[in-house]
Amino acid sequence: MFGGPKVKLTKELYERVEKYAKLAGYSSVEEFVVHALEIQLAQLEEAQSDEEIKEKLKGLGYLA
Amino acid sequence: MASRTRTRVALWAGAMLALCALLIALGQSLSSHPRVGLNPFIESARAQGRTPHYERVIILGIDGVDYQLLKMWMDEGRLPNFARLRQMGDYKPLGTSMPPQSPVAWSNFITGMNSGGHAIFDFIHRDPQSYLPYSALSEVKPPPESVSVLGVKLPNKIGLPFSDYVLPLAGGTTVNLRQGTPFWDILTEHDVPAVVHRVPVNFPPVSADAITLSGMGTPDIQGTNGTYAYYTNNPPADWEGATGGKIFLVDVVDGEVGTFSGGALEPPRLYGPPNDFVDYEAARRRSGRSTAYQDRKASIPFRVFVDAEHPVAKVEIAGEEIFLKEGEFSPWVPVEFSMLPAPGIIRWAKHDLVSVPGIVRFYLKSAQPDFGLYVTPVQIDPANPALPISTPAEYSQELADALGRYYTQGMPEDTKALEKDVFGNADFMRQADLIVEEERAFAQYELDRFERGLLFLYFSTVDQIGHVMWRTLRTEEGHPARDEALDAAYEEVYPHLYQRLDEVVGFAMDYIDNETVLIVMSDHGFSSWRRAFDLNRWLYEEGYLALRPGVPPTEVEYLQGIDWNNTRLYGIGINGLYVNQLGRERSGIVAPGPEKQALMREVAEKLEAIVDPETGRHPITHVFMNEEIYDGPYAADGPDAQLGFDVGYRLLDESAVGGITAAVLSDNTRRWSGDHCQDYRRVPGIILSSAPIRKPDPSLVDLAPTVLEIFGVTPPAEMQGRAIY
């Protein structure tokens, strides 16, 4: 499906992913993996730029 | 003859003075001496072991009043009203929370439960999946990706044509992370009215029937704990690394302040909240470059002119002209940040589709030749709040109408500006005075109209001023943060602050009668903070915490750079120690059960055995295991242990946010020179009460059930405290 870089998974993880991809109604393992990664990345990218963490936490007087 | 007359006059005056003194003393005992003991119903309740009934409970909650300091200054006669209250009723240490940090301690007070019941364990918590630290008091949830409209799922961002703006259909939300029911909500369910002023960890306030104003935990308009702005042509050292504020380098050209850009003078800008109405991804695709976090904030320009001869300046902002002398704060100035301007077609409306209101105060630190203009963090405007800060929503407006606008940000004393040399001692104390006056005005206003139920009033300054002015106390000679030349002149600042609070206690005492009990309490005490302990450094040196290949320890920040597959323990928060636990942390390796227990025993023993070579003392008196101090449904969410530091010690700042520095132990040279995040047994709070206290060891968790029982309400079973009277 993708011509881009390939990522290696252990056999055990692949089997777990395959099982839950089917259960959750994804059309393929790839679709599930891509979706899961996008969700995780969106969370990390949107909420937590380093600067934002710094502004929110280090603004506290208790911390220099 | 003349001499005899003078003697007679003196005798006569002396007699009159004595009579006056007697009358005043009598008057005092008649007008404001407690009649509590005379109430037969109270006496009978006491005899039967029941909590006596009162119609009114007044609680003054003064953050950070220390038991020993207060006792010393009462005994020296410096605090006559505190001492009068002690004599009338009782004075005892008040057991605090572990850790004795304000959000944890006040949550114990609010819910009558420890952290296992209210889920606040520290200022800072961490996400076990991402290992990222976050503010533990409230959570800002971003707008959802999609919304359902009449059963149809739509993307939540509608792009506006010919622009990078998007219009979300549903906004983000802010959630108070404290669990458990505040006792005032139980009171109002039983038709007992309650007014609760600025109690910490109550943002956003959600009470159904109580009148509340949020306090510590309320952000500024940028969503931070407070971000000041300072415009100067002579910045302090390392000005670009300022935290809790932004320092802007400006020039003064022909009397006007700005930055030179392309041959023209650009006026300074005041920054507001990050603008979520812009699609930064679309902007990046269009322009080929991404927008830095600072530039995502909405901003407004303003102009500043410096007088050529006199130390004064004029600020022009939002259609107002403000004249400032050196060392002077402006009144509150309302400002408005445009988030979504009206599109061209309807621009005739001259209004933004979305804008965010706020308020600021300007302070001219110096006019020339060194120019320095400080602007407070942009506050949520109590007269026009962008986020809810009170229940009912109109209450913050009502207070603003009656008393004028006021600070709404939690912990508004700008300790950050003081630590960065943006404020000197005198500038800082000028700002602190404004806050003390606000708190006194609130107290007078609410006491005057208080009729029945609970009145809680909060005072922040003893805590915040204590933190940064501790070094000025006479007892603190030799403190690593003390500058003898600058600080010795300020040694009376802190006792004087206690005296100003003594006046508040004095006028609150006028309201004591048979049906009114007055409680004055604090959430924790205070101590010196001279030496700092870097937990993560120690864990790294002892082999409990491993780094990814090529990462030098001093580059670790926010727990980034750690090799989780080989890390057993890590520190986050001001007292917290966590196991990297299998099944809980994303890459946990320590199995819960016997393996974890053995590890915790081993590390506790080692930590308690550490000796500071500089002082010969143990920095850590006791490692409190989670199960030793917490019970309740949220206990398992907390740290696996909390470090109990001895007085004089505290965790190093960098370690608290998941960083590592070069040394396990170091001098604390910060102006933040006093602290209390220590072994809770060493820093109890205080309780003074107009009625005698029966319980020998009252604690914060006891106050909620006490107030409930006073009004005849049975405390819920989950409350861990017991009534004190």
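Quick caveat: nothing in here was measured; it's all calculated off a predicted structure.

Cut-offs applied
- Residues numbered from 1 in each chain as written.
- Chains lettered and ligands numbered in written order.
- Predicted model: local features only at pLDDT ≥ 70, side-chain atom pairs only at ≥ 80, totals over all residues.
- Helix = DSSP H or I, 4+ residues; strand = E, 2+ residues; numbered from the N terminus.
- Buried ≥ 20, exposed ≤ 12 C-beta atoms within 10 Å, placed from the backbone.
- Rg over C-alpha atoms; globule rule 2.2 N^0.38 Å.
- Contact = placed C-beta atoms within 7 Å.
- Axes fitted to C-alpha atoms, helices over the stretch in contact; angles between N-to-C directions.
- Parallel < 35°, antiparallel > 145°, perpendicular 65-115°, else oblique.
- Nonpolar A, V, L, I, M, F, W, Y, C, P; charged D, E, K, R; others polar.
- Pairing = 2+ DSSP bridges.
- pLDDT = per-residue confidence, 0-100.
- Domains from an automatic or database assignment.

Asker: Could you clarify how one ought to interpret the overall build of chain A in this entry?
Answerer: In terms of regular secondary structure, chain A is built from three helices and zero strands. Its helices and strands in sequence order give chain A the pattern α-α-α, from N to C terminus. Across the 64 residues that make up chain A, the buried fraction comes to 17%.

Asker: When you look at the overall build of chain B in this model, what are you seeing that I'm missing?
Answerer: Within chain B, the regular secondary structure consists of 19 helices and 39 strands. Computed over C-alpha atoms, the radius of gyration of chain B comes to 28 Å, within 12% of the 27 Å expected from 2.2 N^0.38 for 725 residues, which places it in the range of a compact globule. Along the first, second and third principal axes, the C-alpha set of chain B runs to 95 × 75 × 65 Å. Looking at chain B residue by residue over its 725 residues, the buried ones come to 48%. Within chain B, contacts between residues separated by at least 24 positions form 67% of all contacts whose residues are at least 6 apart in sequence.

Asker: Before we go on, may I ask you to explain the packing of helix α12 (residues 461–469) of chain B against helix α14 (residues 493–509) of chain B in this structure?
Answerer: Each packed pair of helices is defined by two parameters, the angle between the axes and the distance between the axes. All names here are of chain B. Closest axis-to-axis distance for the α12/α14 pair is 10 Å, and the angle between their directions is 175 degrees. Between α12 and α14, the interaxial angle falls into the category roughly antiparallel. Packed against α12, whose contacting residues are Thr461, Val462, Ile465, Gly466 and Met469, the element α14 presents Val493, Tyr494, Leu497, Tyr498 and Leu501 at the interface. Among the residues forming the contact of α12 with α14, the class breakdown is eight nonpolar, two polar and no charged.

Asker: Before we go on, may I ask you to explain α12(B) in this structure?
Answerer: An α-helical turn contains 3.6 residues, so a residue and the one three or four places further along point in the same direction. Most of α12(B) is tucked away: nine of the nine residues are buried. Burial in α12(B) covers these residues: Thr461(B), Val462(B), Asp463(B), Gln464(B), Ile465(B), Gly466(B), His467(B), Val468(B) and Met469(B).

Asker: In this structure, what is going on with the interface of chain B and chain A? I would like to understand it.
Answerer: Reports often express the size of an interface as the amount of accessible area lost when the parts come together. On the side of chain A, 19 residues touch chain B, which itself brings 27 residues to the contact. Ranked by the residues each element gives to the side of chain B that touches chain A, the list is headed by helix α10 (residues 415–419) of chain B, at three residues. For the side of chain B that touches chain A, a count of residues per class yields 12 nonpolar, 11 polar and four charged.

Asker: Explain the environment of Pro613(B) here, please?
Answerer: Take Pro613(B): it is sitting in the loop between α16 (594–609) and β34 (620–625). Residues Pro613(B) and Asp675(B), 62 residues apart in the sequence, show an inter-C-alpha distance of 22 Å.

Asker: Explanation requested: the sheet that holds strand β2 (residues 90–94) of chain B in the structure shown.
Answerer: Residue and element names in this part refer to chain B. As summarised here, the arrangement of the eight strands in space is β2-β39-β30-β1-β29-β11-β12-β28, forming an open sheet in which the pairing is mixed. Of all strands in the sheet, those bounded by a partner on one side alone are β2 and β28 (390–391). Direction of pairing for strand β11 (residues 194–199) relative to strand β29 (residues 453–459): parallel, over a ladder of three bridges. Bridge pairing in β29 links alanine 194 to leucine 454.

Asker: What's the story with the packing of helix α4 (residues 80–88) of chain B against α14(B) in this structure? I'm lost.
Answerer: Residue and element names in this part refer to chain B. With their axes 7 Å apart at the nearest point, α4 and α14 run at an angle of 45 degrees to one another. Here α4 lies oblique to α14, going by the angle between them. Between α4 and α14, the contacting residues are Pro80, Asn81, Phe82, Arg84 and Leu85 on the first element and Asp502, Val505, Gly506 and Met509 on the second. Along the lines of polarity and charge, the residues of the contact of α4 with α14 split into five nonpolar, two polar and two charged.

Asker: Help me understand the confidence of the model for chain B in this model?
Answerer: Any region with low pLDDT has predicted coordinates that should not be read closely. Averaged over all residues, the pLDDT of chain B equals 90, while 92% of them reach at least 70. With pTM at 0.88, the complex prediction returns an ipTM value of 0.81.

Asker: Sorry, what's going on with the domain arrangement of chain B here?
Answerer: All names here are of chain B. Domain annotation for chain B reports domain 1 (30–120 + 182–217 + 386–413 + 435–525 + 683–725), domain 2 (220–379) and domain 3 (530–675). Taken over C-alpha atoms, the centre of domain 1 sits 32 Å from the centre of domain 3. With 17 residues of domain 1 at the contact, the number on the domain 3 side is 22 residues. Counting only elements with at least two residues in the side of domain 1 that touches domain 3, the list comes to α6 (115–118) and α12. Looking at the side of domain 1 that touches domain 3 residue by residue, the classes come out as eight nonpolar, eight polar and one charged.

Asker: Help me understand the sheet that holds β34(B) in this model?
Answerer: The strands making up a sheet are joined through hydrogen bonds of the backbone, oriented either antiparallel or parallel. All names here are of chain B. Spatially, β32-β33-β35-β34 is the arrangement adopted by the four strands of the open sheet, whose pairing is antiparallel. Only two strands of the sheet have a single neighbouring strand rather than two, namely β32 (569–571) and β34. Averaged over all pairs of adjacent strands, the angle between their axes in this sheet comes to 25 degrees, without regard to strand direction. In this sheet, strand β35 (residues 641–645) lies alongside β34 in antiparallel orientation, the contact comprising five bridges.

Asker: How should I be thinking about the environment of Phe183(B) in this particular structure?
Answerer: Residues and elements named next belong to chain B. Position of phenylalanine 183 relative to the elements: it lies in helix α7 (residues 183–189). With 27 C-beta atoms counted inside 10 Å, the residue phenylalanine 183 sits in the buried group. Sequence separation between phenylalanine 183 and phenylalanine 456 is 273 residues; the distance between their C-alpha atoms is 12 Å.

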